[in-house]
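Descriptive analysis of the structure
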Amino acid sequence: MTKNELRKKYKAKRKELSEQEIDQFSLEIANQCLNLDIWNKRLYHIFLSITRHQEINTEYLLHAIQGKDKDVVISKTKKDLEMSHYLLTDSTPIKINNYGIPEPQDGISIKAEDVDVVFVPLLAFDQHGNRVGYGKGYYDVFLEQCRKDVIKVGLSFFSAEEEIEAQAHDQQLNYCVTPSKIYEFKN
């Protein structure tokens, strides 16, 4: 399947999930993440969920990260596929943008190269750590700006596809976490 076909397939699969299933699967994914060998780091980047796209509710994972007394980084999209990154604090103002993405309005700026772990949104992934996102490329650009040793963790309601066609600019995952399984990729 092409990336566009996979986008359509997984958007449709998400639409079939009830709110209760999304909530339950999101909690299971957060609990699975606690089994990853990533918790000795300092800065964890997380995406805030777009509820109208039936995305994983990352609030559970956010609480787990904060419960481990780690710093959380969130992003704001800009033009030209750029994102600015901010430390999430109790006083960070968050507003939903025109695309339904909750974003920080300002705050303590964080450089991409300072981030240790990135939880990556996706629609689909394969057995090799390739992913299909929404197609804009924001995360590929962001991950390219991170250090080479940044840990990239995908989050998915669904299991892996056999193989997804990867392009040169695509950033491979180190892990992908589903409600029932952790996939680890040797890149």
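Look up a bit, the structure's there.
1. Quick look at the nonpolar core
- In terms of nonpolar packing, the biggest core is built from 55 residues, with Cys33, Ile38, Val118, Phe119, Val153 and Leu155 touching the most fellow members.
- Each residue touching Cys33, except ones within four places of it in the same chain, is listed here: Trp39, Leu61, Phe119, Leu155 and Val177.

2. Regarding the sheet that holds strand S2 (residues 71-77)
- The strand order S6-S3-S2-S1-S7-S10-S11-S12 describes an open sheet built from eight strands, whose pairing is mixed. If you trace the sheet from one side to the other, it starts and ends with strand S6 (109-110) and strand S12 (182-184), each paired once.
- Where helix H2 (residues 19-33) meets the sheet, it contacts strand S7 (117-120), strand S10 (151-155), strand S11 (175-177) and S12, and its direction lies at approximately 140° from that of S11.
- Helix H4 (residues 138-145) rests against strand S1 (43-45), S2, strand S3 (83-87), S7 and S10 of the sheet, and its axis sits at about 170° to S7.

3. What to know about the pairing of S3
- Taking burial as the measure, the five residues of S3 include five buried ones, the bulk of the element.
- By the alternation rule, side chains of S3 split into Met83, His85 and Leu87 and Ser84 and Tyr86, which are all buried.
- Once S2 ends, the chain turns through five residues before running back antiparallel as S3, passing Asp80 with a positive phi of about 60°.
- Across two bridges, S3 lies against S6 in antiparallel orientation. In the sheet register, His85 faces S6, and the bridge partner there is Ile110.

4. Some details on H2
- Taking 1.5 Å of rise per residue, the 15 residues of H2 would be expected to cover 21 Å, and the 21 Å separating its terminal C-alpha atoms lies within 8% of that figure.
- Restricting attention to buried positions, one finds in H2 the residues Ile22, Ser26, Ile29, Ala30, Gln32 and Cys33. Looking down the long axis of H2, one finds its buried residues gathered within 160° of arc, a one-sided arrangement.
- Looking at the buried residues of H2, the elements they touch are helix H3 (59-67), S7, S10, S11 and S12.

Cut-offs applied
- Each chain has its residues counted from 1, following the order in which its sequence is written.
- Local features are withheld for residues below a pLDDT of 70 in this predicted model, meaning they are given only at 70 or higher, and side-chain atom pairs are given and counted only at 80 or more; totals for whole chains, interfaces and linings count all residues.
- With hydrogens and water excluded, all non-hydrogen atoms of the structure serve as input to the side-chain values.
- To define a nonpolar core, start from buried Ala, Val, Leu, Ile, Met, Phe, Trp, Tyr and Cys residues and group those joined through side-chain atoms within 4.5 Å.
- For the exposure calls, accessible area comes from a 1.4 Å probe over protein chains only, and a residue counts as buried if that area is under 20% of its type's maximum, exposed if over 50%, partly exposed in between.
- Only heavy atoms matter for contacts: two residues are in contact if any of them lie within 4.5 Å across the pair.
- At least two DSSP bridges between two strands are needed for those strands to be called paired.
- Labels follow the DSSP assignment, with helices taken as runs of H or I lasting at least four residues and strands as runs of E lasting at least two, numbered in each case from the N terminus.
- Between N-to-C directions, angles span 0 to 180 degrees; the directions come from axes that are lines fitted to C-alpha atoms, helices contributing only their stretch in contact.
- Every helix has an expected span of 1.5 Å times one less than the residues it contains.
- Along the arc lie the directions from the helix axis toward the C-beta atoms.

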